[in-house]
Amino acid sequence: MRERHILDNLKLIDCGDGRYGAFSLLSGIMLKLNERSYHILRLLVKGGDEFEIAERLRGSYREIKGVINSVSNIIHKEQIASPTKESVLGKLQLIVTNYCNFKCRYCYADGGMYHQQVRGQMTPEVVREVFEQFYAVYHRIKAIQIFGGEPLLNWRIIDFICNYLEQKCSKKDVPKIGMNTNLSILPARMIEIIGQHDIHLCVSLDGPQEINDMLRIHRSGKGTFKTVAKNICRLKEATGQPDALEVTYTMEHVKAGLTRRDVARFLRDKFGVTTILISNVGDMGNPEGSQIRSQLLVEQGEDYFGERLQESLGLLHEGILDFEPLKILIYLALNWGSEYYCTAGINTISVMPNGDMYPCQLFCGKEKFYMGNCLRDGIFDNAHFGQVQGYLLDMKKDHNALCRNCFVKPYCHACIAYQYDKTNVLIPIDEAYCDRTRRTVEVAIDTLFSMRTNEKIWKDFISSIYKIANWVYV
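Residues numbered from 1 in each chain as written. Predicted model: local features only at pLDDT ≥ 70, side-chain atom pairs only at ≥ 80, totals over all residues. Heavy atoms only, no water.

Draft legend 1. A look at the sheet that holds strand β8 (residues 244–249). The strand order across the open sheet formed by 9 strands is β10-β9-β8-β7-β6-β5-β4-β11-β12, and the pairing between neighbours is mixed. Each having just a single partner strand, β10 (321–322) and β12 (357–358) make up the two edges of the open sheet. Here 4 bridges tie strand β6 (residues 176–181) to strand β7 (residues 200–204), and the two strands are oriented parallel to one another. When the sheet's bridge partners are listed, Gly 178 is paired in β7 with His 200. Strands β4 (88–95), β5 (140–147), β11 (348–351) and β12 of the sheet are contacted by helix α5 (residues 124–135), whose axis makes an angle of about 165° with β4. (Pairing = 2+ DSSP bridges. Helix = DSSP H or I, 4+ residues; strand = E, 2+ residues; numbered from the N terminus. Contact = heavy atoms within 4.5 Å. Axes fitted to C-alpha atoms, helices over the stretch in contact; angles between N-to-C directions.)

Quick look at the structure:
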């Protein structure tokens, strides 16, 4: 029974040039095979009988069983569970203000307000209560993500957050601190805070000035590129930050003839930042975003992952890390499988400036996903928290008939907030989406195996992905 389960979750690889391999979807193990073992496993995966395969390949039952046992033992060894660890929260997201000084064309968050009626800024009292509540349950919080709105509109609270954590936690347990910002504001004291507390920044900028200033607009109506560019240079000279630049790729880039590679190279050459996060424009909560995304999908086509992946690997050789298309390779290489489509509300929790809690920022303001207020209700003993988290814990892939027996199940990730926004349900139910995901994982496994057989390429890739494995702003 164990052997059948392992074979059913084995993806075989034929590179077409005499190289053969197998990837275990259970353990993330990549195996290099000789040609005969490959053909034996191919017949076994199809459900062939050991005796019939031995006869067909003019071998022996002992040989066939030996291949099965060798593969099963390697994979089973990697599956042995580690001892239960103390409770750990992956990421606590603090939305320190729900106001933004930009009015970006594609914004999903209602200008940072998340459809709330009152502007707010997180206070020391809220921060103190949040940490007291969470640390009463979690032994450790891996990462704190400072978010907005524009978080630097409330920059003094960031210093308070960092000082509080450094006083409360042992040195080895202080969470990694990351911040997503438009960097239009940068007081001299904030530069000191970033350096002092080793805060990792991801700055949003959409490429050359003529494109950026059509998309990322100040509330005054002015363009934002010059101000942000100046602040990036100031910050980089003083601290080496930002770690990354984040780009929203739109039809404006396409119309201007700018590929993602063009944008990535421009940003690297201008600012010396080599990690570029490029994503297609989203269409949540923004009619213009929906229109832009629809046009973009028509322009690019739905099945462009293989080409996109090769483009990103080419950039990797130039020292540019275009993260988005490499994510699936990272999940596979690091064995980041999950029984959930997304761990929002389970391994990630967002807290608004007034203490309201939600699974992540994309759910903020949605009444159904309100997890209570940590100041008024506490956290883990309030009905809202238990009800929403229980609902999310029930959203396992095994509970979806489309996913239960799918070979890519461990590595299929989906934004449940996006699904809910479009379909009013959390679980992906679109078979076209499933087909795209299966093709994407198949291409990624084949690519990963080819990389694994080239020592230099593999070392470059591994060094890059370990650099970002614990990022807090992705």
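Once you've had a look at it, read on.
Draft legend 2. The arrangement of the pattern of salt bridges in detail. Under the definition given, this model contains 15 salt bridges. Salt-bridge contacts for Glu 63 lead to Arg 36; the nearest nitrogen and oxygen are separated by 2.6 Å. Placement of Glu 63 in helix α4 (residues 61–79) and of Arg 36 in helix α2 (residues 35–45) is noted, with a sequence separation of 27 residues between them. Residue classification places Glu 63 among the partly exposed residues on the basis of a relative accessible area of 27%. For Arg 36, a relative accessible area of 35% gives the class partly exposed. A salt bridge links Arg 438 to Asp 435, with the shortest nitrogen-to-oxygen separation between them at 2.7 Å. One end of the pair, Arg 438, and the other, Asp 435, are both in helix α17 (residues 431–452), 3 residues apart, so they sit about a helical turn from each other. When its relative accessible area of 25% is taken as the criterion, Arg 438 is described as partly exposed. The exposure class assigned to Asp 435 is partly exposed, which follows from its relative accessible area of 35%. Where salt bridges share partners, they join Asp 159, Arg 189 and Glu 192 into one cluster. (Salt bridge = Lys/Arg side-chain N within 4 Å of Asp/Glu carboxyl O. Buried < 20%, exposed > 50% of the residue type's maximum accessible area, 1.4 Å probe, protein only.)

Draft legend 3. Examining the pairing of β5 more closely. Within β5, 6 of the 8 residues are buried, which leaves it mostly tucked inside the rest of the structure. Here 7 bridges tie β4 to β5, and the two strands are oriented parallel to one another. Looking at β5, one finds that Leu 89 is bridged to Ile 141. Handedness of the β4-α5-β5 crossover: right-handed. Here 4 bridges tie β5 to β6, and the two strands are oriented parallel to one another. Opposite Ile 146, over in β6, you have Met 179 as the bridge partner. For the handedness criterion, the β-α-β arrangement of β5, helix α6 (residues 155–168) and β6 is classed as right-handed. (Right-handed = clockwise from strand over helix to strand, strands pointing away.)

Draft legend 4. Focus on the side chain of Lys 11. By the element assignment, Lys 11 lies in strand β1 (residues 10–14). Accessibility expressed as a relative area gives 14% for Lys 11, which makes it buried. Residues within four places of Lys 11 in sequence aside, it is in contact with Gly 21, Ala 22, Phe 23, Phe 407, Glu 442, Ile 445 and Asp 446.

Draft legend 5. Summary view of the environment of Lys 103. For Lys 103, the position within the fold is in the loop between β4 and α5. Judged by its relative accessible area of 54%, Lys 103 is exposed. Note: C-alpha distance between Lys 103 and Leu 215 (112 residues apart in sequence) is 8.6 Å. Excluding anything up to four places from it in sequence, Lys 103 contacts Leu 215, Ile 217, His 218 and Arg 219.

What is shown is where atoms sit, not what they do.
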